[in-house]
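# What the coordinates show
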Amino acid sequence: MFDKNTYEKMHGSDSTCRLPGAEGDRMMTGWRGSMASSISSSDVEGQPIETHVDVPNHHSRKESMKSYKLRKKLKRRKQMQRLVRKDGWCNVTHTHIKYRGFWFIADMFTTLVDLRWRYNLLTFTLVYVLGWFIFGLIWYIIASVHGDLGYSERYPNGTWEPCVYKVETFTGAFLFSLETQTTIGYGFRSVTEQCPIAIFIVVIQSVVSSLVDAVMIGCIFAKIARPKKRAATLKFSRNAVIALRDEKLCFMFRVGDIRDSHLFEAHLRAYMVKPRVTAEKEIIPLFQYNLDLNYDTGEDRIFLVWPLIVSHTIDEESPLYTLSAKELDTADFEIVVILEGIVEQTGLTTQARTSYLPSEIQWGHRFCSSVIAIHSENDNQYDINYSKFELTYSVPETPKCCAQKLDEQKEKDEDEEVTSEPAMNLLKKLVRQVLLEERVKAFNETNDSHQMKGHAKVYPRLTNGNVRSASHGNIKELEKGRDLLPKIKWGSISSNDIAQLTSGESISFDEHLEKPSPKPRKTSKESQI
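Residues numbered from 1 in each chain as written. Predicted model: local features only at pLDDT ≥ 70, side-chain atom pairs only at ≥ 80, totals over all residues. Heavy atoms only, no water.

What follows deals with the overall build of the protein chain. If you tally the helices and strands in the protein chain, you get 15 helices and 13 strands. In the protein chain, which comprises 529 residues, the proportion classed as buried is 32%. Long-range contacts, defined as pairs at least 24 residues apart, comprise 66% of the intrachain contacts of the protein chain with a sequence gap of at least 6. Accessible surface, the protein chain as shown: approximately 35,400 Å² in total, 55% of it carbon and sulfur. (Helix = DSSP H or I, 4+ residues; strand = E, 2+ residues; numbered from the N terminus. Buried < 20%, exposed > 50% of the residue type's maximum accessible area, 1.4 Å probe, protein only. Contact = heavy atoms within 4.5 Å. Areas by Shrake-Rupley, 256 points an atom, 1.4 Å probe, with all protein chains shown as cover.)

Structure below.
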């Protein structure tokens, strides 16, 4: 009977091989019950069965765990294999693929284009030689069946008319096949009207030779014109840097094009590749995190005429947000950069790749900006000095902490600045001014209504300019609004309120006023007393 011990022996005791919680226990119990009932029914019928069951294990982690531990071990030894080499070649090998040869043959054109030049030229030669040999064998069989082998010696007077003139041996048949397929036409060997089958074979060989020429020459042309070689003239900096730019930590690298012909629609992408362990303990050996190169503002689409410094702002959505200078030395990731563009000459899309390991990222450095220069006033061209393409310089004031802590420190400093004494004094002054203006407005509205109703006591209208020239009664009336000032909770007023006040907008002070504590209600006994 199949039980838990048997299951663990077959598939390991890893907890991730089960569904979590009671649901997994119910499924396991039901599965065991169905197995027991099936086994007992077979025993009743007298048909012993073998209790070997293949349980599908969709969460087996043996290989991933082995790869994960090996990656950690290599990282400690600083021997980590990079995923993408500096020349853009992906360090990946595909293994254990069923019917791999069949799928490659099905896509013959791509297979021939992807072959190395030595194998491509060897295939090119073998296809032609094999075609000449096969059709030469066919011509030799036709001559043999018709009795044309050695006919010149048997009929020296020339009374015998063969299917093909001068084809009496296999060598002659091979040469005739070569002349027919390559359309050389020396005029020495030719087909006669004696054999209709020979005319049919000539037509077939001509069609086959045209197809072979189209495929093979097309493969050679496609291999020569491949835009992959255009990527060899696109340069990436060997090292990347992390430094402050506009008060934000940025990951930066440099890219350039050494050709005078430029790429159309050039754009960049960047990914961080690193292992990831999910909340359910699932191991993803190579997970891709996107590095935003300011896609929303269009800065990832570049005009690559001179070397450019491409930056990735390390914000809360960046995978580098929690990385500090100290953690960079022991980090386990690889940043892959991809540049794509359309080749001007062919209109085909090319792609250049490179990658940066943590050891190739310089914290607190910037790229030298003296790559582009003008030598004299009469110089009409900019000089691009690629000897300084890789040059960087140190920036000692770069913070060593991660971008997360840097943002937290900035928020803390801003809060302290808002609650500082000069800011509070400015806020109180602005609040007094706003309250005074509100009282002036209310006073004028009341005064106008009294005037319309014909009251005898009407005060002159007030403005901010003539408040001081008003009578003592008016000023006393206006200063009633200042009674609110001691009740305002100054710490609850944010920087947004200050910005609204300074821009002339009004704010509501209801939520900032200290509410009086409610008076205790008297009980019935107290009221009687």
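The subject of this paragraph is the state of the cysteines. What is meant by a disulfide is a covalent connection between two cysteines, made through their sulfur atoms. Under the definition given, this model contains one disulfide. At a sulfur-sulfur separation of 1.6 Å, the disulfide partner of Cys-163 is Cys-195. Around the S-S axis, the bridge from Cys-163 to Cys-195 shows a dihedral of about -50° and counts as left-handed. Of the two residues, Cys-163 is situated in the loop between helix H7 (151-154) and helix H8 (170-182) and Cys-195 in the loop between H8 and helix H9 (196-224); the sequence distance between them amounts to 32 residues. For the pair Cys-163 and Cys-195, one class covers both residues: buried. (Disulfide = S-S within 2.5 Å.)

Further remarks concern the side chain of Glu-360. Structurally, the position occupied by Glu-360 is in the loop between strand E8 (349-356) and strand E9 (361-363). Within the structure, Glu-360 has its side chain in polar contact with the side chain of Lys-86 (distance 3.3 Å). The residues contacting Glu-360, other than those within four sequence positions of it, are Arg-82, Lys-86, Arg-238, Asn-239, Ala-240 and Ser-355. (Polar contact = N/O pair within 3.5 Å; in protein donor to acceptor, adjacent residues only side chain to side chain.)

Attention now moves to the confidence of the model for the protein chain. Chain-level pLDDT for the protein chain is 75 on average; 65% of the residues reach the 70-or-more range. Throughout residues 6-59 the model reports pLDDT below 50, and contacts reaching past four residues in sequence, or to other chains, amount to 36 contacts. Every residue in residues 522-529 is under pLDDT 50, and counting partners more than four places away or in other chains gives zero contacts. (pLDDT = per-residue confidence, 0-100.)

When two helices pack together, their arrangement is given by the angle between the helix axes and by the axis-to-axis distance. As a packed pair, H8 and H9 sit with axes 8 Å apart at the nearest point and diverge in direction by 55°. On the basis of the axis angle, H8 is oblique to H9. You can see that H8 and H9 cross each other, and the crossing is right-handed. Taken together, the residues of H9 that come into contact with H8 (itself represented by Ser-177, Thr-180 and Gln-181) are Val-202, Gln-205 and Ser-209. Here the residues of the contact of H8 with H9 are counted per class, giving one nonpolar, five polar and no charged. (Axes fitted to C-alpha atoms, helices over the stretch in contact; angles between N-to-C directions. Parallel < 35°, antiparallel > 145°, perpendicular 65-115°, else oblique. Left-handed = near helix turned anticlockwise from the far one by under 90°. Nonpolar A, V, L, I, M, F, W, Y, C, P; charged D, E, K, R; others polar.)

What follows concerns the nonpolar core. Counting residues in each nonpolar core, the largest one holds 37 residues, and the members touching the most others are Phe-236, Phe-251, Phe-333, Ile-335, Leu-339 and Ile-361. In terms of residue count, strand E4 (residues 263-277) provides more of this core than any other element does, five residues in total. With sequence-adjacent residues up to four places away left out, Ile-335 is seen in contact with Phe-251, Tyr-271, Met-272, Leu-291, Leu-320, Thr-354, Ser-355, Tyr-356 and Ile-361. Among the nonpolar cores identified, the runner-up in size contains twelve residues, and Ile-142, Phe-176, Cys-195 and Ala-198 belong to it. (Core = buried A, V, L, I, M, F, W, Y, C linked by side-chain atoms within 4.5 Å.)

What follows is about the sheet that holds strand E5 (residues 283-290). In space, the four strands of this open sheet follow the order E5-E4-E7-E8, with antiparallel pairing throughout. In the strand order of this sheet, the two ends are held by E5 and E8, each with one partner. The mean angle between the axes of side-by-side strands here comes to 25°, regardless of whether they run parallel or antiparallel. (Pairing = 2+ DSSP bridges.)

It is worth spelling out helix H6 (residues 117-146) at this point. Taking 1.5 Å as the rise per residue, H6 with 30 residues should run 44 Å; its terminal C-alpha atoms sit 44 Å apart, in good agreement. Within the sequence span of H6, burial applies to Asn-120, Tyr-128, Gly-131, Trp-132, Phe-135, Gly-136, Trp-139, Ile-142 and Ala-143. (Expected span 1.5 Å × (residues − 1).)

Moving on, we come to unusual backbone geometry. Comment: phi is negative for the bulk of residues other than glycine, and the bulk of peptide bonds are trans. Positive phi, close to 55°, is recorded for His-96, a residue that is not glycine. As for its position among the elements, His-96 is in the loop between helix H3 (62-76) and helix H4 (100-106). For Thr-183, which is not glycine, the phi torsion reads 50° and is therefore positive. Here Thr-183 lies in the loop between H8 and H9. The class for Thr-183 is exposed, based on a relative accessible area of 68%.

Looking now at the pairing of strand E7 (residues 334-343). Most of E7 is tucked away, with nine of its ten residues classed as buried. Across nine bridges, E4 lies against E7 in antiparallel orientation. When the bridges of E7 are listed, His-267 appears paired with Glu-340. For E7 and E8, the ladder comprises eight bridges, and the chain directions are antiparallel. Bridged to Leu-339 within E8 is Ala-352.

So, on to a nonpolar patch on the surface. Side chains of Leu-130, Phe-133, Ile-134, Leu-137, Ile-141 and Val-145 sit close together on the surface and give an oily, nonpolar patch of about 570 Å² of accessible area. Among the secondary structure elements, Phe-133 is positioned in helix H6. (Patch = residues over 30% accessible without salt bridge, like charges linked within 9 Å, V, L, I, M, F, W, Y side chains within 5 Å. Salt bridge = Lys/Arg side-chain N within 4 Å of Asp/Glu carboxyl O.)

Attention now goes to a positive patch on the surface. A cluster of basic residues, Arg-116, Arg-118, Lys-228 and Lys-229, forms a positive patch on the protein surface. Of note, Arg-116 is situated in the loop between helix H5 (108-114) and H6. (Lys, Arg positive; Asp, Glu negative; His and termini not counted. Charge placed at Lys NZ, Arg CZ, Asp CG, Glu CD.)

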